[in-house]
Amino acid sequence: MEPSLVTSIGKIQLERPVMLASGILGISLDVFNRLYRSGAGAVVSKSLSTEPWDGYPNPTIFSVNGGGWINAVGLSNPGAPNFAKMIESNNDVPIVISLVGSIPEDFEMMVKQFKNCKVTAYELNLSCPHVAKVGLEVGDDPELVKKIVSTVKNSTDVPVIAKVGLGTTHYLNTVNAAIESGIDAITAINTIRAMAIDVETQRPILSNKFGGLSGTPIKHVALRCVYEISSKYNIPIIGCGGISTWEDAVEFILAGSSAIQLGSAIGDNWIHVFNDINQGILQYMKRKGYSNINEMIGLAKKS
Amino acid sequence: MQRNHNHTKICIVEKVIDETPTVRTLIFTDDVLSTVLPGQFAMVWIPGINELPMSVMISQESGKAAFTVRRHGSASTGLFNVQVGQQIGVRGPYGNSFDLKQGKLLLVGGGTGLVPMMRLLTFVKPDDDVTVLIGAKSKNEVFFEDLTNNLLKNNTHRVIVTTDDGTYGEKGFVTSMVEKLVNENHFDGVYTCGPEIMMYKTVQLAHSKGLFVQASLERMMKCGVGICGSCCVGEDLVCRDGTVFNGDHLLSNKEFGHSHRNKAGILENY
């Protein structure tokens, strides 16, 4: 029997375990449709704010020598109200809405915008490392995380995911605060705060100076985090960080991920990467005799 | 060692040419960008100011490349103001290129959209019969006419300049001339780059006559590598799928000729 790629992240069921990560290509419903046709199990929107944000001036991205990227796009997005209007017509694509804000009221207002939309889940951005007063600065404050998660959970029946990253507070404290407040799943991890300097002009390359490091350089850090979270908590996890091949995806599943997200790999290998990874996972499942993803989740913890 | 095209290379601007009061060409030495294909672009960093996508202009000297920029927003004005001896960073080339047919060709360019048209002209075969339309608002905005004639000196060719106000060449919109030409002639390939409404009408006119037509699109770009999504047109990403698209594909895209996205990703009408 052909193995199945269907996976469950708690109450969220996806046809395929490979998702588009937030921040990547996420502003047009037409592009979402294309990514879904190309093999994405779900797409996560850019992190939406209560109002439109332009983001930072260019340069907003830097290619790391040897692999990976540093970006400081600055959470540019059309704002939750505009975005909600755009996806109202969507029936086909599983869309996860990423939200970014500073206070519980921001998130409450944004969730209301999507009352006429088909939303697979909300993902709270508690981890963007390059914008003040949101993202990682929120994630670093577990008390604020509790208030935000409780508020969102009380505002919607749709599953809510917290995306965590490496800030000044131990990320497991953030995970713990989110779980205590009823979060449905954790995405780990976001990009890691970083910078690049040009030696000829002797200045930081990114206009914001600091950005977030993604791609292969952070894969094994992200993998460690997924393993730690799944060892300590009984919570569905979406692995994210430097995944670019089916082997990477399987590693994250074996560490305890129910699904994985791709971002940087699209810049390196373009949209075919979704199907390539899906096919690779399928071949691996056939070879190892697994019939569904669930049988593989967290297997690396057995020893 | 081969250069990683995603890594910014610092170049020194060696020469600046004033094309019009608002358009300048900056020439620099770079082997990689000197040989790009027509339609490809580079991300150009003006240190301390901004980074923007630029079609790569030809230079008359081997090993050199150029950017022809119109002073417009903060980034393009920053590039426009770069002086000889100053440093700029370049990464790329990115994007695809025109599929150049042989025979009777029509090129339609407006403003700095002429840049990929000039590079395309360096690829035409001696037997090709080439018509180039240059559209401008007014006489003081016309540039690259002499260069076009020079590049085509060994070909059967025509260069027609139109100005909206009639102060130079033929009076009227360049697309009126496109209409006249495609009604009276068969072309084996039609190529266009410039303001989107001009490209939209050119593509429509050529397509209605069953002609092969391609356009090179411009959109707001942040990353240039298919990550940020800023340059999407419908389901296409200009940086990865373009910049060059076939006319029939474009006419099936509901955003082409109608709307583009701003920095926040909100659709705005032309």
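Residues numbered from 1 in each chain as written. Chains lettered and ligands numbered in written order. Predicted model: local features only at pLDDT ≥ 70, side-chain atom pairs only at ≥ 80, totals over all residues.

Visitor: Help me understand the nonpolar core, please; the structure alone is not making it clear to me.
Guide: The nonpolar side chains of a soluble globular protein tend to be buried with one another. In this structure, Met19, Leu124 and Ile186 of chain A together with Val44 of chain B are the most contacted members of the largest nonpolar core, which totals 186 residues. The two domains that each donate at least three residues to this core are domain 1 (9-94) and domain 2 (104-269) of chain B. Setting aside residues up to four positions removed in sequence, Ile186 of chain A forms contacts with Ile161, Ala162, Val164, Val175, Ala178, Ile229, Ile235 and Ile237 of chain A. (Core = buried A, V, L, I, M, F, W, Y, C linked by C-beta atoms within 7 Å. Buried ≥ 20, exposed ≤ 12 C-beta atoms within 10 Å, placed from the backbone. Domains from an automatic or database assignment. Contact = placed C-beta atoms within 7 Å.)

Visitor: Help me understand helix α2 (residues 80-87) of chain A, please; the structure alone is not making it clear to me.
Guide: Three or more residues of α2 of chain A are buried, namely Ala80, Phe83 and Ala84 of chain A. All buried residues of α2 of chain A fall inside an arc of 100 degrees around its axis, so they share one side. (Helix = DSSP H or I, 4+ residues; strand = E, 2+ residues; numbered from the N terminus. Arc of directions from axis to C-beta.)

Visitor: I tried to follow the interface of chain A and chain B on my own but got confused; where do I start?
Guide: One frequent convention defines the size of an interface as the accessible area lost when the parts assemble. Counting residues at the interface gives 33 residues for chain A, matched by 30 residues for chain B. Of all elements in the fold, only α1 (29-37), β5 (61-63) and α9 (264-269) of chain A reach the threshold of two or more residues within the side of chain A that touches chain B. Here the element with the most residues in the side of chain A that touches chain B is α1 of chain A; it accounts for four residues. When its residues are assigned to classes, the side of chain A that touches chain B shows 14 nonpolar, 13 polar and six charged. (Nonpolar A, V, L, I, M, F, W, Y, C, P; charged D, E, K, R; others polar.)

Visitor: Would you mind going over the domain arrangement of chain B with me for this structure?
Guide: Residue and element names in this part refer to chain B. On domain assignment, one finds that chain B holds domain 1 (9-94) and domain 2 (104-269). Taking only C-alpha atoms into account, the centre of domain 1 sits 20 Å from that of domain 2. Counting residues at the interface gives 16 residues for domain 1, matched by 18 residues for domain 2. Elements with a contribution of two residues or more to the side of domain 1 that touches domain 2: β2 (15-20), β4 (41-46), β5 (50-55) and β6 (64-70).

Visitor: Please explain the environment of Gly165 of chain A as it appears in this structure.
Guide: When you line up the elements, Gly165 of chain A lands in the loop between β9 (160-164) and α6 (171-180). Spatially, the C-alpha atoms of Gly165 of chain A and Ala188 of chain A are 6.5 Å apart, while their sequence positions differ by 23 residues.

Visitor: Explain the pairing of strand β7 (residues 87-94) of chain B here, please?
Guide: Moving residue by residue along a regular strand, the side chains alternate between the two faces of the sheet. Residues and elements named next belong to chain B. Of all eight residues in β7, seven are buried; the element is thus mostly enclosed. Across four bridges, the pairing between β4 and β7 is antiparallel. From the neighbouring strand, Trp45 faces β7, where its bridge partner is Gly89. (Pairing = 2+ DSSP bridges.)

Visitor: What's the story with the sheet that holds strand β3 (residues 18-20) of chain A in this structure? I'm lost.
Guide: Residue and element names in this part refer to chain A. Pairing in this closed barrel of eight strands is parallel, and the strands run β3-β4-β7-β8-β9-β10-β15-β16 around the ring. Strand after strand, the sheet turns through a mean of 25 degrees between neighbouring axes, direction not considered. Note that strand β8 (residues 121-125) and β9 share four bridges and pair parallel. By the bridge assignment for β9, Tyr122 is matched with Val160. (Axes fitted to C-alpha atoms, helices over the stretch in contact; angles between N-to-C directions.)

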